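# Coordinate analysis (summary)
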Amino acid sequence: AQSVTQLGSHVSVSEGALVLLRCNYSSSVPPYLFWYVQYPNQGLQLLLKYTTGATLVKGINGFEAEFKKSETSFHLTKPSAHMSDAAEYFCAVMTGANNLFFGTGTRLTVIP
Amino acid sequence: EAQVTQNPRYLITVTGKKLTVTCSQNMNHEYMSWYRQDPGLGLRQIYYSMNVEVTDKGDVPEGYKVSRKEKRNFPLILESPSPNQTSLYFCASSLWGTGGDTEAFFGQGTRLTVV
């Protein structure tokens, strides 16, 4: 069975500070892992994904995530937060059947 | 432009009055699915479809129906809506059978309120 745990439903950072959003997964098979972002009143947009190969994945808007199998983690980071990064972020794991299982989300607030 | 289109975006209805939320995609994707988003619970899958006439239950299918008569359309039907179905609903589509080498495209969402 697959599941995703996102630690921290709300994270606040100052503008220019490091963003770290945590995601741990459980999966009975090698996972495909995703981060999605949801801006207010919008749908979900793919930030980045890990399928196979390089464990450090770079996405859009300066975000990146590292797949750590030993820690079953896929944390999302960005070196310097921008006001436009304020949104809700979802980590998800995909089964071989294309089904996405989402975490409960982390709302990121960026303080000027 | 590749997109998933849901209608309506906002809907207020009364308990027991049947409603349909439409979803259409223009990317010729085999796989389509419906999710509901609730505060603190993230997105939970309601139903999914791997192709025309092939549908299956997700994690929270109770009170919902779907159909897939055409590849591009995947309507969500609430035969007798109840207040606990008040939620934000998302339709998504993707290529089928590519494992993780795919991207799910999401609609803009439908905010449903059942009173």
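No experiment lies behind these values; they were computed from the predicted model shown.

## Remarks on the state of the cysteines
- One pass over the full model with this rule turns up two disulfides over all chains.
- The side chain of C23 of chain A participates in a disulfide bridge whose partner is C91 of chain A; the two sulfur atoms lie 1.9 Å from each other. One quick way to see it: the torsion about the S-S bond of C23 of chain A and C91 of chain A is about -65°, and its sign makes the bridge left-handed. Taken together, the positions of C23 of chain A in strand β3 (residues 19-26) and C91 of chain A in strand β9 (residues 87-94) put the pair 68 residues apart, joining distant regions of the chain. For the pair C23 of chain A and C91 of chain A, one class covers both residues: buried.
- The side chain of C23 of chain B participates in a disulfide bridge whose partner is C91 of chain B; the two sulfur atoms lie 1.9 Å from each other.

## Comments concerning the pairing of strand β1 (residues 4-7) of chain B
All names here are of chain B.
- Burial along β1 is one-sided: the residues V4 and Q6 are buried and none of T5 and N7 is.
- Here β1 runs beside strand β3 (residues 19-25); their pairing, made up of four bridges, is antiparallel. Across the sheet, V4 pairs through a bridge with Q25, a residue of β3.

## Focus on the side chain of D85 of chain A
Residue and element names in this part refer to chain A.
- Looking at the secondary structure, you find D85 in the loop between β8 (73-78) and β9.
- Here D85 falls in the buried class, since its relative accessible area comes to 2%.
- Within the structure, D85 has its side chain in polar contact with the backbone nitrogen of H82 (distance 2.8 Å).
- For D85, the residues in contact, after removing those within four places along its chain, are F63, K78, S80, L108 and V110.

Conventions and cut-offs
- Residues numbered from 1 in each chain as written.
- Chains lettered and ligands numbered in written order.
- Predicted model: local features only at pLDDT ≥ 70, side-chain atom pairs only at ≥ 80, totals over all residues.
- Heavy atoms only, no water.
- Disulfide = S-S within 2.5 Å.
- Helix = DSSP H or I, 4+ residues; strand = E, 2+ residues; numbered from the N terminus.
- Buried < 20%, exposed > 50% of the residue type's maximum accessible area, 1.4 Å probe, protein only.
- Pairing = 2+ DSSP bridges.
- Polar contact = N/O pair within 3.5 Å; in protein donor to acceptor, adjacent residues only side chain to side chain.
- Contact = heavy atoms within 4.5 Å.

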